[in-house]
Amino acid sequence: MPRRPFATTLAAVLAVVCFTPSAAAAANDGVPAPVPLTTNWEKIADPAAVGVKGGLWRPGNQAAWKPAVVPSVFTAQTPKKLYAGTVGWYRVSFTAPEATPGFAWAVHFEQVRRSAQVWLNGVKVGRHDDAYVPFDLRLGDAIKPGGRNVLVVRVDNRKQKDPREGWWNWGGITRPVTLVPQGSLVLRDAGILSDVDCRAGGTGSGSGGDCTTKAIFDGVLENRSTSAIAGGLVRVQIGNVTATVAARPLAPGEQTHLRRTIAVPGARLWSPDKPELYDVALTTSAGDIVQQVDRWRTGFREVKVQGGMLTLNGRQLDLHGASIQEDVPGRGPALNDADIAKIVADLKAVGANVTRAHYLLNPKLLAALDAAGIMVWSQAPIYHRDRLLTTPALRDIALSTVRNTILSARNHPSVITHSVANELSAVPDTVPGTRAFLDAARKVVRETDPTIPASVDLLSYPGFARQKAFAQYELLGINSYFGWYPGKDSHSTAKLADLAPYLDYMRRTYPTQGLVVTEFGAESTFAGPGTTKETYAFQTQYIKDVLGIVANRPFVGGVIYWTLREFAVKPEWDGGAKRDVVRNSIHHKGLITYDARRKTAWEVTQRTYADAPQNRNDRP
């Protein structure tokens, strides 16, 4: 395959429809075009949660609906009384496309926080209770082809004590909504995974030397019709390479898992300095009739842990970056294209080659990070959830979140690991539910995307023994707040000087795992001496000292600062400095304030990152 020059601008990337089922149809293939539901939205508050009984789901109800924008949150304000959440309703009127023989319609939601119940024309079509992953609901006979339709969504973001989350409890339809066509054959969870080997000789080439490049096509094919289908196949096109994957005959309602490895000779590899991308088109057919067309862009790279070091395309990575929360003033997580462009621009400006979040990122943001050459430490939002992992049923809920997070992230070459959880018990071997979850979650990663390392991000306290539950993971994230938080009795993190011995201990304890400092930071809100916590000077020196400690330990694969920009956080957040002052609902560890001003610490971070190479092999 000839080299495809990378010339896509960020604006062009943001204009491309990101991957959803039937996200784009080729000209004259007979597949109806998807219908973005972008206008005519209304909303109404339901704080007493009486809307179902009151008939708000009925298309002709005469309640006092007000014009709304989708994506949006209920309110962008963050007073303490709103953190517990509420109930609100959205509705939209639209004219459905005329009927196309053999095709039905589903509605695709990129994200609803937290729980959604959905009606179309007064018929309940389903619900979804996972706040951070996309979902589809089939509309069946409820839709009126060529006629007026009313879609109603009840959104409930009322939050109990668990799951524990540090960020603000936003509520609303926070990402786009689209009508998507479904043929007799439906291809679900389609993936093109990067199977690259930079250890053996091959015909491909990349920044790591001579590499063999393959793609793994993966997906589930379902017969949605009432008749058996014997001629189902998927035509896979990656750049100029084409392959066909045939399915066995499927009875009505039956599905089958498809997986095939496809050689992609001569492919240029994706890397931060050269983020090469290729067009993907998947055409699903039943005999000669096209049922579905999916399109996106992908890249090829090899990500491994070798000799206890994280590598990209055969070279040891030197990660230096900042985490993000999808949260901007006035919109919360309901990002627009300008917000996405600003996040990417700020990451580039500070010199970051990696970012991280506590949940699945917006697909447009992931596509922009692909194009910008910024790696992603992708993570499922299983955060401080030990109490929600105690039974098989609760673990199944968490494992479903892990699986769906991976399915949505795995098509992006910027994603270099799938982290299954953040800051569970420091001793999972003694917590049966947590141990069982970690064992099962690693298997989910291997089944869903075997091409990049599985990881878990740790509460980093000194004095704990090696944990078998952690040792099974190829990659460990170290969340370090030595010198900021006090830690626990007999496991103190009060002194920054204890970070270096702790990192040395982790290397001795986990000698074959990749180790990355995935989180560290200090709050700052006012000018003052560098010896006083929460001053700009303290934060600046703290970052400088931590980066210096890590730089002197070549076995650590890099650092990710927490966070790039401030964000809204749970009420009564004290930040860790233990100052007796009135607090707002803003997390102040960011390098940039919530209103977009760069702090003093930005300069030292930017200067240090500018001097860091992409690969440890390139260090002098």
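Source: prediction; values computed, not measured.

### Quick notes on the sheet that holds strand S17 (residues 241-246)
Part 1 of the argument: What the 4 strands build is an open sheet, ordered S17-S16-S19-S20; its pairing is antiparallel. The sheet terminates laterally at S17 and strand S20 (289-298), the two strands that pair on one side only. Adjacent strand axes in the sheet meet at a mean angle of 15° when their direction is disregarded.
Part 2 of the argument: As judged from the 7 bridges shared by strand S16 (residues 232-238) and strand S19 (residues 278-286), these two strands associate in the antiparallel manner. Across the sheet, residue Arg 235 finds its bridge partner in S19, namely Thr 283.

### What about the sheet that holds strand S4 (residues 87-95)?
Each strand in a sheet pairs with its neighbour through backbone hydrogen bonds, running either in the same direction (parallel) or in the opposite one (antiparallel).
Part 1 of the argument: Ordered in space as S3-S2-S4-S10-S7-S8, the 6 strands form an open sheet in which the pairing is antiparallel. Whereas interior strands pair on both sides, the edge strands pair on one side only; in this sheet they are strand S3 (66-67) and strand S8 (123-128).
Part 2 of the argument: The pairing of S4 with strand S10 (residues 148-156) spans 9 bridges and is antiparallel. Within S10, the position partnered with Phe 94 by the bridge is Asn 149.

### Regarding the pattern of salt bridges
Part 1 of the argument: According to the stated counting rule, one finds 30 salt bridges in the structure shown.
Part 2 of the argument: With its nearest N and O atoms 2.7 Å apart, the salt bridge here joins Arg 91 to Glu 42. A residue pair is termed long-range when its members are at least 10 positions apart, and Arg 91 in strand S4 and Glu 42 in strand S2 (residues 41-45) qualify at 49 residues.
Part 3 of the argument: Where Arg 188 meets Asp 189, a salt bridge forms, and the shortest distance between an N and an O atom there is 3.8 Å.
Part 4 of the argument: Assessed through its relative accessible area of 34%, Asp 189 is described here as partly exposed.
Part 5 of the argument: One continuous salt-bridge network, built from bridges that share partners, spans Arg 138, Arg 188, Asp 189 and Glu 222.

### A few points about the packing of helix H3 (residues 337-350) against helix H4 (residues 363-372)
Part 1 of the argument: Closest axis-to-axis distance for the H3/H4 pair is 10 Å, and the angle between their directions is 35°. Between H3 and H4 lies a crossing of right-handed hand. Seen from H3, the contacting residues are Asp 337, Ile 340, Ile 343, Val 344, Leu 347 and Lys 348; seen from H4, they are Lys 364, Leu 365, Ala 368, Leu 369 and Ala 372.
Part 2 of the argument: For the contact of H3 with H4, the class distribution of residues is 8 nonpolar, no polar and 3 charged.

Calculation notes
Residues numbered from 1 in each chain as written. Predicted model: local features only at pLDDT ≥ 70, side-chain atom pairs only at ≥ 80, totals over all residues. Heavy atoms only, no water. Pairing = 2+ DSSP bridges. Helix = DSSP H or I, 4+ residues; strand = E, 2+ residues; numbered from the N terminus. Axes fitted to C-alpha atoms, helices over the stretch in contact; angles between N-to-C directions. Salt bridge = Lys/Arg side-chain N within 4 Å of Asp/Glu carboxyl O. Buried < 20%, exposed > 50% of the residue type's maximum accessible area, 1.4 Å probe, protein only. Left-handed = near helix turned anticlockwise from the far one by under 90°. Contact = heavy atoms within 4.5 Å. Nonpolar A, V, L, I, M, F, W, Y, C, P; charged D, E, K, R; others polar.

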